[in-house]
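# Examining the three-dimensional arrangement
Listed here are the chains, written in short residue letters.
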Amino acid sequence: MQDIWSGRMTESSEHSKEQKALDALMAAAFRAEDADSPVTEEEARAILENSPVLSPEDEKGLAGLGPDFVDNLLVSADTDTSALGERRQVLDREIEDAYAAMHRGKEGEELDEKSRREIEKKRRELLGEPESGNEKEDDRP
Amino acid sequence: MQDNPGMKEAARLDADEVSILLIGTEEEQNDAIRLIDKYLRFVISGIIRNVAIYLKSEEVQEVYQEVLLGLWRAARDGRYDADRPLLPFVFTIARCRAIDRIRRKSLRKRKIGNELVLDAIAGALADTKVGEAWGNIVSKNDGPRMMATIRKAIIRMPERQRQVASVMIDLYPEEPSLQEIREEVCQRTGEDLTVLAIKSARREARKKIREELVRAGYMERKND
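Residues numbered from 1 in each chain as written. Chains lettered and ligands numbered in written order. Predicted model: local features only at pLDDT ≥ 70, side-chain atom pairs only at ≥ 80, totals over all residues.

Attention now goes to the domain arrangement of chain B. All names here are of chain B. Under the domain assignment used here, chain B contains domain 1 (7-105) and domain 2 (115-215). Each of domain 1 and domain 2 was reduced to a C-alpha centroid, and the two centroids are 29 Å apart. Counting from both sides, the interface comprises five residues of domain 1 and, opposite them, 10 residues of domain 2. The residue makeup of the side of domain 1 that touches domain 2, split by class, is two nonpolar, one polar and two charged. (Domains from an automatic or database assignment. Contact = placed C-beta atoms within 7 Å. Nonpolar A, V, L, I, M, F, W, Y, C, P; charged D, E, K, R; others polar.)

Right, let's get into the packing of helix H3 (residues 26-51) of chain B against helix H4 (residues 57-76) of chain B. Residue and element names in this part refer to chain B. Closest axis-to-axis distance for the H3/H4 pair is 10 Å, and the angle between their directions is 140°. Classified by the interaxial angle, the pair formed by H3 and H4 is oblique. In terms of crossing hand, the pair formed by H3 and H4 is right-handed. Together, Gln 29, Ala 32, Ile 33, Ile 36, Asp 37, Ile 44, Ser 45, Ile 48 and Arg 49 of H3 and Val 60, Val 63, Tyr 64, Val 67, Leu 68, Leu 71, Trp 72, Ala 75 and Arg 76 of H4 make up the contact between the two elements. Residues belonging to the contact of H3 with H4 are distributed by class as follows: 13 nonpolar, two polar and three charged. (Axes fitted to C-alpha atoms, helices over the stretch in contact; angles between N-to-C directions. Helix = DSSP H or I, 4+ residues; strand = E, 2+ residues; numbered from the N terminus. Parallel < 35°, antiparallel > 145°, perpendicular 65-115°, else oblique. Left-handed = near helix turned anticlockwise from the far one by under 90°.)

Here the focus is the interface of chain A and chain B. Quoted interface sizes are often the accessible area lost when the parts come together. The interface is formed by 57 residues belonging to chain A together with 80 residues belonging to chain B. Taken together, the elements giving at least two residues each to the side of chain A that touches chain B come down to helix H1 (2-31), helix H2 (41-49), helix H3 (56-63), helix H4 (69-79), helix H5 (86-103) and helix H6 (113-127) of chain A. Here the element with the most residues in the side of chain A that touches chain B is H1(A); it accounts for 15 residues.

Moving on, we come to the confidence of the model for chain A. Residue and element names in this part refer to chain A. Summary statistics for chain A give a mean pLDDT of 69 and a share of 44% for residues scoring 70 or more. Averaged over each element, pLDDT in chain A is lowest for helix H7 (residues 133-138) (47) and highest for H3 (94). The low-confidence segment residues 104-111 (pLDDT under 50) makes three contacts with residues lying over four places distant or belonging to another chain. A low-confidence stretch, residues 123-129 (pLDDT under 50), is modelled with seven contacts involving residues beyond four sequence positions or located in other chains. (pLDDT = per-residue confidence, 0-100.)

Below, the discussion takes up the packing of helix H2 (residues 15-22) of chain B against H3(B). All names here are of chain B. It is at 7 Å that the axes of H2 and H3 come closest, and there the two elements cross at 145°. Handedness of the H2/H3 crossing: left-handed. Of H3, the residues touching H2 (which contributes Val 18, Leu 21 and Leu 22) are Glu 28, Gln 29, Asp 31, Ala 32, Leu 35 and Ile 36. Classifying every residue of the contact of H2 with H3 by side-chain character gives six nonpolar, one polar and two charged.

This paragraph deals with unusual backbone geometry. Glycine aside, negative phi is the norm for most residues, and most peptide bonds take the trans geometry. All names here are of chain B. A cis amide bond, omega 15°, links Tyr 172 with the succeeding residue Pro 173. Looking at where Pro 173 falls in the secondary structure, it is placed in the loop between helix H9 (159-171) and helix H10 (178-189). For Asn 141, which is not glycine, the phi torsion reads 60° and is therefore positive. Among the secondary structure elements, Asn 141 is positioned in the loop between helix H7 (129-139) and helix H8 (143-155). We classify Asn 141 as exposed; it has 8 C-beta atoms within 10 Å. (Buried ≥ 20, exposed ≤ 12 C-beta atoms within 10 Å, placed from the backbone.)

Structural data, given as structure tokens:
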């Protein structure tokens with residue numbers, strides 16, 4: 001009788017141990033996803049090559065956003081700047097934080113005026129635009 | 001099988017073009033956001049979903065909108081830096097937004113990047129069949145694919161099971177009681193489920209992960 005009990009106890013303990021190991025794997029599977037660190041170029045490439053999965057409901061909802069989704073979003077953001085309320089500050093801070101994280105260890109590499117002009121030139125070449133007044137204004141010493 | 005319907009679209013995005021548009025005129029900035037939405041909608045949302053497992057689909061969409069608005073506002077305010085690669089920046093914003101959302105909704109702080117968590121994972125896997133299977137897979141450099149299998153299994157679970165699994169993941173290495181899981185699910189979703197419902201969802205969630213790992217050939221089927 002004692003052997004049966006101890007056998008059951010052992011079995012139950014083993015089961016619990018295996019269950020905890022499975023829970024550990026579940027936790028491990030999402031550890032890399034929630035790091036506070038910025039996404040590197042290598043990670044970004046990996047994300048594009050093997051995009052993170054969505055639930056079937058997510059896919060359906062996103063597919064149903066409609067063709068005017070961005071236009072409506074931007075119109076509402078443009079006309080009602082207060083719509084975000086306190087969230088606006090959080091979003092602003094987040095942009096700054098993301099840059100700060102991406103710049104970490106790259107101090108001294110800030111975008112200088114020459115680089116800005118080169119980017120602007122590239123932009124204009126790509127879009128086939130003439131030089132604008134704004135650009136001239138930007139060229140002021 | 002393609003796991004994310006946006007993968008093909010994403011590969012066609014010209015990140016340089018979008019970067020340049022983001023430092024252009026207001027209309028060009030709008031065009032940039034349209035292009036990001038066109039090519040990256042599913043990928044960005046996938047990043048959000050993989051961080052914020054328990055969010056409802058509508059909430060994933062809300063966070064996605066916040067990502068687009070954040071980028072748009074950065075461009076409008078002249079704070080977008082076209083000299084930096086676009087995609088890491090966009091994906092970082094998506095990840096930060098998702099983390100921010102779950103932190104606001106959770107009763108307890110999520111343990112992120114905590115060394116103790118990693119130690120606990122290693123400890124739990126030691127001397128188990130699951131751990132042995134994991135060790136074999138890691139030795140074959142197939143760990144990331146197995147992790148992806150688990151993530152996929154959890155994300156594709158019915159909502160309730162996914163919510164329960166997410167509480168267990170977020171609170172790890174704690175072993176929350178059913179009542180604690182119930183309270184956390186209620187805080188996050190507003191749904192007051194019974195302890196029995198939580199227990200059933202937890203059992204089903206574990207069962208599905210195991211089945212998925214067996215199906216993918218990572219573990220042997222149990223004989224019991």
